[in-house]
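Summary of the model geometry
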Amino acid sequence: MTMLSWSVLEYSAKYEAIEELDHVKDVIKWGTDYLLKTFNSSADSIAMIASQVGGDDPSSTETNPHYLNCWIRPEDISNNDPRPIYTCYNCPALAAEMAAALASASIVFKDSHDYSKQLVHGAKILFKFATKEQAGNSSYLQLVTTPALAKRSKAFKGGPARGVLSWDNKHAGAQLLLTRIRLFLSYGYPYEAML
């Protein structure tokens, strides 16, 4: 959802030109609606999120071959087939990615004020969960430009694994967005040096 939302933000005119803007927005909304159902998105804080629906227990080392070989649509799965919901209480990477997806989609849906506001609220809750509220009242910009945090996350380090933007590696995208902030918004001290 993060990548799709970003593509809409960057290329909405292209989507509109080929009459696919409404379609891609429907796809994003389907995904964000799903994400909002995986935690209590109306609360002010959460203690867990649903990390997986169906399949094997993600904490188990055993694998059920039925799930590995089941390539049918979810709609075609028999009601007799159990679809357990697995939750997690400590999954910062998953929660942070979900927060990014909701936050980026909130910009896509900025014209739908209530939905955009719901997405922002969900993103904030997930971010607090991901950081275990250690972020306190810090802004996202403060967190990413704090030298100790940047050094620990290696967000600004290079290397071939960091240079390719993909669904599971957004370092290059984060660096691009931070560069845009530096060039076009001039936040000044103390962010200037880090950006």
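The structure reproduced in this document is the subject of the present report. (Residues numbered from 1 in each chain as written. Predicted model: local features only at pLDDT ≥ 70, side-chain atom pairs only at ≥ 80, totals over all residues. Heavy atoms only, no water.)

With that settled, consider the packing of helix α2 (residues 21-36) against helix α5 (residues 113-130). Running from amino to carboxyl end, α2 crosses α5 at an angle of 50 degrees, the nearest separation of the two axes being 11 Å. Overall, the two elements α2 and α5 adopt an arrangement that is oblique. Handedness of the α2/α5 crossing: left-handed. For the pair formed by α2 and α5, the contact residues are Lys-29, Thr-32, Asp-33 and Leu-36 on the first element and Tyr-115, Gln-118 and Leu-119 on the second. (Axes fitted to C-alpha atoms, helices over the stretch in contact; angles between N-to-C directions. Helix = DSSP H or I, 4+ residues; strand = E, 2+ residues; numbered from the N terminus. Parallel < 35°, antiparallel > 145°, perpendicular 65-115°, else oblique. Left-handed = near helix turned anticlockwise from the far one by under 90°. Contact = heavy atoms within 4.5 Å.)

What follows concerns the state of the cysteines. Within this structure, the stated rule accounts for 1 disulfide. Two residues, Cys-88 and Cys-91, share a disulfide whose sulfurs are 1.9 Å apart. Every disulfide takes its handedness from the sign of the S-S torsion; for Cys-88 and Cys-91 that torsion is 50 degrees, giving right-handed. Like Cys-91, Cys-88 is buried. (Disulfide = S-S within 2.5 Å. Buried < 20%, exposed > 50% of the residue type's maximum accessible area, 1.4 Å probe, protein only.)

The next thing to look at is unusual backbone geometry. One non-glycine residue, Glu-19, adopts positive backbone phi at about 55 degrees. Looking at the element boundaries, Glu-19 is found in the loop between α1 (2-17) and α2. In this structure Glu-19 comes out as exposed when scored by relative accessible area, which is 71%.

With burial as the criterion, only one face of strand β2 (residues 85-88) is covered, namely that bearing Tyr-86 and Cys-88; the residues Ile-85 and Thr-87 on the opposite face remain uncovered. As defined by bridge partners, strand β1 (residues 49-53) adjoins β2 across 4 bridges and the pair is classed as antiparallel. In the strand pairing of β2, Val-53 is matched with Ile-85. (Pairing = 2+ DSSP bridges.)

To continue, consider α2. An ideal rise of 1.5 Å per residue puts 22 Å on 16 residues; α2 measures up with 22 Å between its terminal C-alpha atoms. At its buried positions, α2 is contacted by α1, α4 (92-108) and α5. (Expected span 1.5 Å × (residues − 1).)

Taken as a whole, this structure holds 2 salt bridges when the rule is applied. Taking the shortest distance from any N to any O, the salt bridge between Glu-10 and Arg-180 comes out at 2.6 Å. You can see Glu-10 sitting in helix α1 and its partner Arg-180 sitting in helix α8 (residues 171-185), a full 170 residues away along the chain. Using a relative accessible area of 31% as the deciding quantity, one classes Arg-180 as partly exposed. For Lys-29, the salt bridge goes to Asp-33, with nearest N and O atoms at 2.9 Å. Here the residue Lys-29 and the residue Asp-33 both occupy positions in helix α2, the gap between them amounting to 4 residues, near one helical turn. A relative accessible area of 24% means that Asp-33 is categorised as partly exposed. (Salt bridge = Lys/Arg side-chain N within 4 Å of Asp/Glu carboxyl O.)

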